[in-house]
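What follows is each chain in one-letter form.
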Amino acid sequence: MVKERILVLGDINMDALMQTPDLPPAGGGVVAQGMALRAGGSAANTAAVLAKLGAAVDLLGCVGQDAHADAALAALAGAGVNLKHVQRRSDAPTGFIFIAVTPDGERTMFSFRGANVLLAAQDVPAEVWPGSSLLHLSGFAFLDDPQRAAAWRALQLAEAAHVPVCLDTALEPALLQPQELRRLLPHLEICITGMEEARALLGVENPQAAAEALLQAGVSLAAVKLGAAGCLLARGSEQQLCPGLPVRAVDSTGAGDAFSAGLLLAHSRELGLGAAGLLANVMGALAATVPGGGAALPGKSEAAAFLRGLTGMNETDRNKVLQALGG
């Protein structure tokens, strides 16, 4: 079985998840029905799922010198993520996100980025590129300097080493830094986005137009996430609508990041669009069935078991995905 070496650059956080019956009005309050602390962050979540799917993963990011960093890094290391290149700083706390999760599985997030933004260009090591198969960038890395400069430095080093680059735009970066993300598009092998992000970045109103706009901008593989409806993948003249999968959602935290991990693994193992969309949708759907992100997110054993239980689907794509997962 091929073991890719994927570099992931972006945020590492500690998440505080509160299960709440609803969201209170301004000035109000609500009594939580459950609480958990989990490792999180868009890049950390994707790295954890990739590692749990069997890829070799190096995470590039920055945390504080505090207990939250200790807990987050221990969880990521337990998932199999290589943390050699994670920086620790004493002048800022680890990123922290408060997440209120309502009974429908939807989450409302309050984010403090903390030490994440302190990752600097000189923190991106030159020695990691030989032998690497892919660089995955989180859109959050382009919100603020010096982390933004570090992300651009990583992209430049990747291009010099002929390592393809992937971007998950994420919603907030697409809304706050659309021009910056548009600058990235010609450099990308893969771009993963959602419809709200596509409206902000590309001025389009449907998935097909979003995919076509990404391809015209220079992206080789466009992935448009459609939530419970699945995703649309496009490459060259081919488009593949991959329907969503039925699960009982309890928390959507990390679902998009897990989707990205599934797509990246499928791309690395040269699966077709149908099989790639299936694995990405499986990982996104399964992520919504567990509370929180990071090491709590499902891996290849859960994905294989879920796939074997699905009915009414393309058997060729299912078998390709199972083979890619080693099952």
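Preceding this paragraph is the structure being described.
To start, this report covers the structure provided alongside it. (Residues numbered from 1 in each chain as written. Predicted model: local features only at pLDDT ≥ 70, side-chain atom pairs only at ≥ 80, totals over all residues. Heavy atoms only, no water.)

For the structure on display, the rule yields one cavity of 30 Å³ or more. In this structure, the largest cavity spans a volume of roughly 30 Å³. Together, Leu 221, Arg 235, Ala 266, His 267, Leu 271, Leu 273 and Ala 276 line the largest cavity. For the lining of the largest cavity, the secondary structure elements donating two or more residues are helix H8 (255–268) and helix H9 (273–287). Tallied by class, residues from the lining of the largest cavity come to five nonpolar, one polar and one charged. (1 Å grid on protein atoms, 1.4 Å probe; cavity = no way out; pocket = protein on both sides within 12 Å on 5 of 7 lines; lining within 4 Å. Points joined across faces, edges and corners; volume = space filled by probe spheres on them. Helix = DSSP H or I, 4+ residues; strand = E, 2+ residues; numbered from the N terminus. Nonpolar A, V, L, I, M, F, W, Y, C, P; charged D, E, K, R; others polar.)

The next point concerns the sheet that holds strand E3 (residues 34–40). Two strands in a sheet stick together by hydrogen bonds in their backbones, pointing the same way (parallel) or opposite ways (antiparallel). Read across the open sheet, the four strands follow the order E3-E2-E6-E7; overall the sheet is mixed. Across the chains shown, the open sheet's two edge strands, defined by having one partner strand only, are E3 and strand E7 (107–112). On average, each strand axis in the sheet is inclined to that of its neighbour by 20°, with strand direction left out of account. Bridge count between strand E6 (residues 95–101) and E7: six bridges; the pairing is antiparallel. Within E7, the position partnered with Phe 98 by the bridge is Phe 110. (Pairing = 2+ DSSP bridges. Axes fitted to C-alpha atoms, helices over the stretch in contact; angles between N-to-C directions.)

When you line up the elements, Leu 60 lands in strand E4 (residues 56–64). According to the relative accessible area criterion, Leu 60 is buried, its value standing at 2%. Taking the C-alpha atoms as reference points, Leu 60 and Gly 293, separated by 233 residues in sequence, lie 18 Å from one another. For Leu 60, the residues in contact, after removing those within four places along its chain, are Leu 7, Val 8, Leu 9, Gly 10, His 85, Leu 119, Val 124 and Pro 125. (Buried < 20%, exposed > 50% of the residue type's maximum accessible area, 1.4 Å probe, protein only. Contact = heavy atoms within 4.5 Å.)

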